[in-house]
Amino acid sequence: MASLPIVPLPDELFDAPLPAVAYANEPDAVELDLLIDRLQIELDDWRTSHEVRLLQAVVLDLHALQYPEDELLRNEAVAAGWLLRELDDSLGTSTGKHRPFIEGELCEWDAAGGSRAYVRQEYLQYRVEQTARVEAELAAAAAKAGPPADVEPVRPRDRWWVRLLDRFFVGYMGCQRIE
């Protein structure tokens with residue numbers, strides 16, 4: 001089965017990010033799998049972790065994008081997105097622009113493939129937060145460290161040409177330079 005072309009809808013209708021935007025400069029699925037394994041080891045209750053469920057859904061979505069002819073893989077990606085929506089709705093962990101479910105209205109995410117679009121929205125926000133957190137940690141570490149204490153300023157005597165002139169004066173002239 002050939003994949004259908006993706007036609008973005010106007011922002012006022014449905015403004016979920018496209019895969020090219022959500023997964024720009026993204027590591028491959030194997031690296032994300034390793035991160036998921038590390039998080040599952042570190043966390044006591046990883047089944048209710050927004051981050052783990054999000055990354056699992058992202059891996060499935062990346063695989064479904066890579067193999068669009070595989071209907072089973074596409075359905076698994078939709079199911080993982082649905083589970084993420086359910087988790088975010090029950091725990092209130094949604095960080096994106098749109099909530100996972102909107103009561104009393106037709107929800108954007110209920111359309112075909114909408115759960116995968118929800119995963120992309122959440123992942124884009126996750127990456128923005130991760131980048132901001134890393135930049136804040138680097139800024140705090142730089143402010144805390146200050147200038148390096150073990151680096152001494154370069155004295156004129158340490159320069160190569162000064163040492164060469166000193167050898168000349170001491171060896172040939174028998175005198176020493178006065179600083």
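For the structure itself, look to the data block above.
First, a word on scope: everything that follows refers to the structure included in this document.

Rules behind the numbers
- Residues numbered from 1 in each chain as written.
- Predicted model: local features only at pLDDT ≥ 70, side-chain atom pairs only at ≥ 80, totals over all residues.
- Heavy atoms only, no water.
- Helix = DSSP H or I, 4+ residues; strand = E, 2+ residues; numbered from the N terminus.
- Buried < 20%, exposed > 50% of the residue type's maximum accessible area, 1.4 Å probe, protein only.
- Contact = heavy atoms within 4.5 Å.
- Phe/Tyr/Trp six-rings, centres within 6.5 Å; stacked < 30°, edge-to-face > 60°.
- Salt bridge = Lys/Arg side-chain N within 4 Å of Asp/Glu carboxyl O.
- Core = buried A, V, L, I, M, F, W, Y, C linked by side-chain atoms within 4.5 Å.
- Polar contact = N/O pair within 3.5 Å; in protein donor to acceptor, adjacent residues only side chain to side chain.

## Let's talk about the overall build of the chain
Helices and strands together make up the secondary structure of the chain, namely 6 helices and 0 strands. Walking the chain from its N terminus toward its C terminus, one meets helices and strands in the order α-α-α-α-α-α. Buried positions account for 28% of the 179 residues belonging to the chain. Partitioning the intrachain contacts of the chain with sequence separation of at least 6 by distance along the chain shows that 59% fall at a separation of at least 24.

## So, the packing of aromatic side chains
In total, this model carries 2 aromatic pairs according to the counting rule given. Measuring from ring centre to ring centre gives 5.8 Å for tyrosine 23 and tyrosine 123, while their planes differ by 50°; the resulting arrangement is tilted. In this pair, tyrosine 23 sits in the loop between helix H1 (19-22) and helix H2 (29-42) while tyrosine 123 sits in helix H5 (residues 114-145), placing the two residues 100 residues apart along the sequence. For tyrosine 23, a relative accessible area of 9% puts it in the buried group.

## Overview of the pattern of salt bridges
Under the defined criterion, the tally for this structure stands at 3 salt bridges. A salt bridge links arginine 116 to aspartate 61, with the nearest nitrogen and oxygen atoms 2.5 Å apart. Here aspartate 61 lies in helix H3 (residues 50-66) and arginine 116 lies in helix H5, a separation of 55 residues in the sequence. Residue arginine 116 is classed as buried on the basis of its relative accessible area, which comes to 9%. Close ionic contact of arginine 120 with aspartate 61 constitutes a salt bridge, the shortest N to O distance being 2.9 Å. With arginine 120 in helix H5 and aspartate 61 in helix H3, this residue pair connects regions lying 59 residues apart in the sequence. With respect to class, arginine 120 is no different from aspartate 61; both count as buried. One network of salt bridges, with partners in common, ties together Asp61, Arg116 and Arg120.

## Points about the nonpolar core
Where a protein is soluble and globular, its nonpolar side chains tend to be buried together. With 20 residues, the main nonpolar core has Tyr23, Leu32, Leu54, Leu55, Val58, Val119 and Tyr123 as its most contacted residues. For this core, the element with the highest residue contribution is H3, accounting for 7 residues.

## Details of the environment of valine 52
For valine 52, the location among the structural elements is in helix H3. Judged by its relative accessible area of 0%, valine 52 is buried.

## Considerations on the environment of aspartate 45
The topology assignment puts aspartate 45 in the loop between H2 and H3. Here the side chain of aspartate 45 touches threonine 48 through a polar contact of 3.1 Å, side chain to side chain.

None of this, on its own, says anything about what the molecule does.
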